[in-house]
Amino acid sequence: MSVRQHTYMRRSLEGRESLVQKSISEEDLQQLFSQAGTVESVNVIEDRDTGCSRGFAFVEMSSTEEGNAAIQQFNGHDVGGRTLNVNEAKAREERGGSRGGFGGGRNNGGGRSRY
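Predicted, not measured: the structure shown is a model, and the values here were computed from it.

**Some remarks on the overall build of the chain**
Next up, step 1: Of regular secondary structure, the chain possesses three helices and five strands.
Next up, step 2: Taken across its 115 residues, the chain has 29% of its residues classed as buried.
Next up, step 3: Considering only contacts within the chain whose residues lie at least 6 apart along the sequence, 59% involve residues at least 24 apart.
Next up, step 4: Only carbon and sulfur atoms are counted for the fraction: they give 43% of the accessible area of the chain, which is about 8,400 Å².

**A look at the environment of Asn43**
Next up, step 1: Within the secondary structure, Asn43 is located in strand β2 (residues 39-46).
Next up, step 2: For Asn43, the residues in contact, after removing those within four places along its chain, are Glu26, Ala57 and Phe58.

**Details of helix α3 (residues 64-74)**
Next up, step 1: Among all positions in α3, only Gly67, Ala70, Ile71 and Phe74 are buried. Across the axial projection of α3, the buried residues extend over an arc of 100 degrees, all falling on one side. In α3, the exposed positions that point more than 90 degrees away from the buried face belong to Glu65 and Gln72.

**With respect to helix α2 (residues 26-33)**
Next up, step 1: Every buried residue belonging to α2 is among Leu29, Leu32 and Phe33, and all of these are buried. Down the axis of α2, the smallest arc covering the buried residues is 85 degrees, so these residues share one side. Residues Glu27 and Gln31 are exposed on α2 and point more than 90 degrees away from its buried face.

Analysis parameters
Along each chain, numbering runs from 1 in the same order as the chain's sequence is written. Where totals are concerned, whole chains, interfaces and linings use all residues; where local detail is concerned, this predicted model gives features only for residues with pLDDT of at least 70, and gives and counts side-chain atom pairs only at 80 or more. Note: side-chain values were computed over all heavy atoms of the structure, leaving out hydrogens and water. What counts as a helix is a DSSP run of H or I of at least four residues, what counts as a strand is a run of E of at least two, and both are numbered from the N terminus. When a residue's accessible area, from a 1.4 Å probe over protein chains only, is under 20% of the maximum for its type it is buried; when over 50% it is exposed; and in between it is partly exposed. The criterion used for residue contact is that any of the two residues' heavy atoms lie within 4.5 Å. The protein chains shown are the only cover counted for residues, whose accessible areas, like all others here, come from Shrake-Rupley with a 1.4 Å probe. By construction, the arc corresponds to the directions joining the helix axis to the C-beta atoms.

Below you can see the structure in the form of structure tokens.
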């Protein structure tokens, strides 16, 4: 069983307008990070409303050693006039609260209850 490491990559957000226009593709990241080892997957995170890149991606390398090599090789690397910030992805934090949506219930808005 191989150990997998997700490498987190974020582009500098200076000049955000040009970041959207010059977003890096998953294929570009696959090609770039393959210089450090075997790339298992690439996922460029996009805005759900516009479909434009949000300026970061997750690159999964096949081993911890290759992930560390990618961090060493590409952190601070310039791509298209932008500096890459490459580090190990952290587990997603809990956002708190167990209820989703708008909550609610009876007589939440004040005033008289009709019940």
